[in-house]
Amino acid sequence: MFRPEAAQPYDDRCLSWQYDAATVSVWTVEGRMKNIPFACSPGALKTLQAHRQGESDLVRRDGVFYLIATCEVSEAEPYEPGRFIGVDLGIAAIATTSTGYKAAGRGLNRHRRRQLELRRKLQNKRTKSAKRLLKKRRRSEKRHAANQNHIIAKTIVTEAERTSSGIALENLKGIRQRVRLRKPQRVALHSWAFAQLTDFITYKAKRAGVPVVFVDPAYTSQQCCECGHIDNNNRASQSVFLCRNCGVVAHADRNASHNIARKGEAAWTAGRESRVPATP
């Protein structure tokens, strides 16, 4: 049995691309259909023309047909970084870097809260039209979050490439199982797409040749980036860091990003190959 919304795979014998005319020719049960136009961005068209490999999948979502093509893009040769940019991931601020970039999560969190309230209203109705709208809104929220993550990841990778720096990220695998939160906070944590943002940064960095290392996030929020003192009371509030040892005052996420950057440099130095000439 086949699902009505299942993807239909096509190889190069059944579907051919005409890139200059932006059309495709598709073989169907009613014969071959030619000169079917497709739409994509200029950058995606260049990638499609240069790197498309294998079959293409035809899918239908919300009444619109999409062609999904696989592109194999070779990774750039990673360079030797002069320093590392630490990236602290969070909910109030989606990403904060040690160089000063901050992606505020206020807009995305507000959008998610609004979508949550709308889902609750639709779920209470329990009608067929409400279920269709629920599915549509779920996809819309997912696309919105993915678009924001793409923008943030591109900004971070572009800055690292421009300054010949590496990127240090926290290894947050399993954080949902480790962290204990109150019930109102669980929705925000479980809807937080930090894994997707990490994947976006990683693959964009590979394409640009930017080195990426993952570090242990332990105590990055409690350690002072100036003197190294670790104390749970150093975190005065969600946004304020106050060192109890040296008295430095800083933004909590910015302080954590500097600690992550330092750990990234240490991990890169420990893991890279020795540059010392071999003894004759």
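Please read these numbers as outputs of a predicted model, since none were measured by experiment.

Rules used in this analysis
- Residues numbered from 1 in each chain as written.
- Predicted model: local features only at pLDDT ≥ 70, side-chain atom pairs only at ≥ 80, totals over all residues.
- Heavy atoms only, no water.
- Helix = DSSP H or I, 4+ residues; strand = E, 2+ residues; numbered from the N terminus.
- Pairing = 2+ DSSP bridges.
- Salt bridge = Lys/Arg side-chain N within 4 Å of Asp/Glu carboxyl O.
- Buried < 20%, exposed > 50% of the residue type's maximum accessible area, 1.4 Å probe, protein only.
- Phe/Tyr/Trp six-rings, centres within 6.5 Å; stacked < 30°, edge-to-face > 60°.
- Disulfide = S-S within 2.5 Å.
- Polar contact = N/O pair within 3.5 Å; in protein donor to acceptor, adjacent residues only side chain to side chain.
- Core = buried A, V, L, I, M, F, W, Y, C linked by side-chain atoms within 4.5 Å.
- Contact = heavy atoms within 4.5 Å.
- Expected span 1.5 Å × (residues − 1).
- Patch = residues over 30% accessible without salt bridge, like charges linked within 9 Å, V, L, I, M, F, W, Y side chains within 5 Å.
- Areas by Shrake-Rupley, 256 points an atom, 1.4 Å probe, with all protein chains shown as cover.
- Lys, Arg positive; Asp, Glu negative; His and termini not counted.
- Charge placed at Lys NZ, Arg CZ, Asp CG, Glu CD.

Draft legend 1. The arrangement of the environment of Lys 263 in detail. Locating Lys 263 in the fold gives a position in helix α7 (residues 252-271). Remark: the alpha-carbon pair of Lys 263 and Phe 84, spanning 179 residues in sequence, is separated by 9.1 Å.

Draft legend 2. Geometry of the pairing of strand β4 (residues 31-37). Both strand β3 (residues 23-28) and β4 contribute to a ladder of 5 bridges, which runs antiparallel. By the bridge assignment, Thr 23 is partnered in β4 with Pro 37. Following β3, the chain reverses through 2 residues before pairing antiparallel with β4.

Draft legend 3. Spotlight on the pattern of salt bridges. The full count for this structure, using the stated rule, is 3 salt bridges. Salt-bridge contacts for Asp 11 lead to Arg 13; the nearest nitrogen and oxygen are separated by 2.8 Å. A relative accessible area of 25% places Asp 11 in the partly exposed class. Judged by relative accessible area, which is 68%, Arg 13 ranks as exposed. Among the ionic pairs, Arg 235 bridges to Asp 253, the shortest N-O distance being 3.9 Å. One end of the pair, Arg 235, is in the loop between β11 (212-215) and β12 (240-242); the other, Asp 253, is in helix α7, with 18 residues separating them in the sequence.

Draft legend 4. Highlighting the packing of aromatic side chains. Scanning the entire structure with this criterion turns up 4 aromatic pairs. Between Phe 200 and Tyr 203 the ring centres are 6.1 Å apart and the planes differ by 85 degrees, which places this aromatic pair in the edge-to-face class. Placement of the pair is Phe 200 and Tyr 203 together in helix α6 (residues 194-208), with a separation of 3 residues, close to one helical turn.

Draft legend 5. Fine view of the state of the cysteines. A full pass over the atoms with the stated rule returns 0 disulfides. Cysteine Cys 225 is unpaired, with the sulfur of Cys 224 as its nearest cysteine sulfur at 5.3 Å. Residue Cys 246 stays outside any disulfide, its sulfur separated by 3.5 Å from that of Cys 243, the closest cysteine.

Draft legend 6. Region of the structure containing the side chain of Ser 25. Here Ser 25 lies in strand β3. For Ser 25, a relative accessible area of 7% translates into the label buried. Within the local environment of Ser 25, its side chain forms a polar contact with the side chain of Arg 32, the two groups lying 2.9 Å apart.

Draft legend 7. View of the nonpolar core. The biggest cluster of nonpolar side chains holds 22 residues, and the ones touching the most others in it are Ala 95, Ile 167, Leu 197 and Ile 201. Those elements that provide at least two residues to this core are β7 (84-89), β8 (93-97), α3 (128-162), β10 (166-170) and α6. Among the elements that take part in this core, α3 stands out by supplying 6 residues, more than any other. Those residues within four positions of Ala 95 in sequence are excluded, and the remaining contacts are Val 87, Asp 88, Leu 89, Tyr 101, Lys 102, Ala 103, Ile 152, Ile 156 and Leu 197. Residues Leu 15, Trp 17, Val 26 and Phe 38 belong to the second largest nonpolar core, which totals 8 residues.

Draft legend 8. Expanded view of α3. Relative to the 51 Å expected for 35 residues at 1.5 Å per residue, α3 spans 51 Å between its end C-alpha atoms, a close match to the ideal helical length. Considered for burial, the residues of α3 that qualify are Ala 130, Leu 134, Glu 141, Ala 145, Ala 146, Asn 149, Ile 152, Ala 153, Ile 156, Val 157, Glu 159 and Ala 160.

Draft legend 9. Representation of a positive patch on the surface in the model. A contiguous patch of positive charge, built from Arg 61, Arg 114, Lys 135, Lys 136, Arg 137, Arg 138, Lys 142 and Arg 143, is present on the exposed surface. A total of 6 residues in the positive patch trace back to one element, the largest contributor, which is α3. Inspection of the secondary structure puts Lys 135 in helix α3. You can call Lys 135 partly exposed: its relative accessible area is 42%.

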